[in-house]
Structures are given as C-alpha cells and as structure tokens.
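So the chains spell out like this:
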Amino acid sequence: MRRTGAQLFSLLGSFAYSPLGSQANGRDLIHDSTVEKIAKKLNKSPGQVLVRWAIQRGTSVIPKSTNPDRIKENMHVFNWVIPDQDFNVLSNISDQERVLHGEDLFVNKNDGPYRSVADIWDHEY
C-alpha cells in the first residue's frame with residue numbers, strides 16, 4: 001500500500017528534526033547555559049541531554065551530524081534518564097518553538113485527516 005506524506009507523518013507521530021537548535025534561527029540550545037549546567041551535572045554532553053529530553057517527552061528524534069564522534073555520542077542516550085526536576089527545567093526553557101509547523105505540507109482544510117495545524121499537533125500548538 002502506498003501512503004501519502006500526511007499518512008506517513010501520522011504513523012511517525014511527533015518528531016524532532018534539528019532538536020539541538022539552529023544558529024540560523026537565532027536559538028542555539030546546545031550552548032544554552034541551562035542545558036550546559038544540566039549536562040555537566042549528569043556527566044553528559046549538551047547534545048546528549050537535548051536528545052534524551054526529546055525522547056523522554058515522547059518525541060522521535062532525528063539528530064543530524066556529520067561528525068563521527070557526535071554520531072556515536074548520540075547513540076548513548078538510551079540507558080539513562082533525566083531526573084524529573086531537571087526534565088522540568090529543560091521543558092520550561094523560554095523561546096522554544098517549532099521550526100516546521102506542518103501547515104504547508106500536511107493541512108488540507110477541505111479534505112484529509114488534518115484540517116488545521118492544531119490537528120497535526122494534537123491541539124498542543
């Protein structure tokens with residue numbers, strides 16, 4: 001069975017592309033002082049903390065790296081958890097935003113499973 005992009009998106013659920021932030025968009029989370037403080041406390045890299053945070057909140061993560069050491073590092077996020085207090089601190093970092101809202105790709109106001117951006121994000125948008 002061939003699926004449309006929206007159907008595949010539905011199967012994937014929520015996912016994070018570029019979960020470490022982007023300097024081009026003005027928000028570089030990997031160098032955020034809160035992230036760095038928690039990473040140091042947990043003896044992890046800021047990148048590992050951000051990837052683990054996204055996984056813990058139920059988001060599929062697609063980290064991008066061309067650096068072999070970072071790719072290996074990104075694989076070591078499954079055998080530990082961020083403590084609740086630190087998880088809540090990370091969840092409340094200001095200026096978090098979605099880079100891809102999905103409206104241009106998945107919303108069809110007349111036909112289809114997603115009639116609004118709110119439908120895509122389970123009304124968390």
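In this text the structure is predicted, and so the values were computed from the model without any measurement.

## A look at unusual backbone geometry
Here's step 1: For Asn43, which is not glycine, the phi torsion reads 60° and is therefore positive.
Here's step 2: On the accessibility criterion, Asn43 (69% relative accessible area) is exposed.

## Describing the nonpolar core
Here's step 1: With 17 residues, the main nonpolar core has Val35, Leu42, Val49, Trp53, Trp80, Ile82 and Leu90 as its most contacted residues.
Here's step 2: Mapped onto this core, the elements with two or more residues apiece are helix 2 (33–42), helix 3 (46–56) and helix 5 (84–91).

## Here's the deal with the packing of helix 2 against helix 3
Here's step 1: Helix 3 packs onto helix 2 with a crossing angle of 95° between their chain directions and a minimal axis gap of 8 Å. Between helix 2 and helix 3, the crossing angle belongs to the class labelled roughly perpendicular. Together, Val35, Glu36, Ile38, Ala39 and Leu42 of helix 2 and Pro46, Val49 and Leu50 of helix 3 make up the contact between the two elements.
Here's step 2: Tallied by class, residues from the contact of helix 2 with helix 3 come to 7 nonpolar, no polar and 1 charged.

## Structural notes on helix 3
Here's step 1: Among the 11 residues that make up helix 3, 8 are buried, leaving the element largely enclosed by the rest of the structure.
Here's step 2: Where helix 3 is concerned, the buried positions are Gly47, Gln48, Val49, Leu50, Val51, Arg52, Trp53 and Ala54.
Here's step 3: For helix 3, the elements touching its buried residues are helix 2, strand 2 (60–62), helix 4 (68–74) and helix 5.
Here's step 4: Downstream of helix 3 by a residue or two, Gly58 has a phi angle that is positive, lying close to 90°.

## A short note on the packing of aromatic side chains
Here's step 1: Throughout the structure, instances matching the rule amount to 1 aromatic pair.
Here's step 2: For the ring pair Trp53 and Phe87, a centre distance of 6.4 Å and an interplane angle of 35° mean the geometry is tilted. Note that Trp53 is positioned in helix 3 and Phe87 in helix 5, a separation of 34 residues in sequence. Residues Trp53 and Phe87 agree in their burial class; the two are buried.

## Describing helix 5
Here's step 1: Taken together, the buried positions of helix 5 are Asp86, Phe87 and Leu90. Projected onto a plane normal to the axis of helix 5, the buried residues spread over an arc of 105° and lie on a single side. Facing away from the buried side of helix 5, by more than 90 degrees, are the exposed residues Asp84 and Gln85.
Here's step 2: Structurally, helix 5 contributes buried residues whose contacts are with helix 2 and helix 3.

## Brief notes about the confidence of the model for the chain
Here's step 1: Summarising the model, the chain shows a mean pLDDT of 76, and 64% of its residues fall at 70 or more.
Here's step 2: Highest mean pLDDT in the chain belongs to helix 2 (96); lowest belongs to helix 1 (residues 5–12) (45).
Here's step 3: Under a pLDDT of 50 for its full length, residues 1–12 has, in the predicted model, 12 contacts with residues more than four places off or in other chains.

Reading the values: the criteria
- Residues numbered from 1 in each chain as written.
- Predicted model: local features only at pLDDT ≥ 70, side-chain atom pairs only at ≥ 80, totals over all residues.
- Heavy atoms only, no water.
- Buried < 20%, exposed > 50% of the residue type's maximum accessible area, 1.4 Å probe, protein only.
- Core = buried A, V, L, I, M, F, W, Y, C linked by side-chain atoms within 4.5 Å.
- Helix = DSSP H or I, 4+ residues; strand = E, 2+ residues; numbered from the N terminus.
- Axes fitted to C-alpha atoms, helices over the stretch in contact; angles between N-to-C directions.
- Parallel < 35°, antiparallel > 145°, perpendicular 65-115°, else oblique.
- Contact = heavy atoms within 4.5 Å.
- Nonpolar A, V, L, I, M, F, W, Y, C, P; charged D, E, K, R; others polar.
- Phe/Tyr/Trp six-rings, centres within 6.5 Å; stacked < 30°, edge-to-face > 60°.
- Arc of directions from axis to C-beta.
- pLDDT = per-residue confidence, 0-100.

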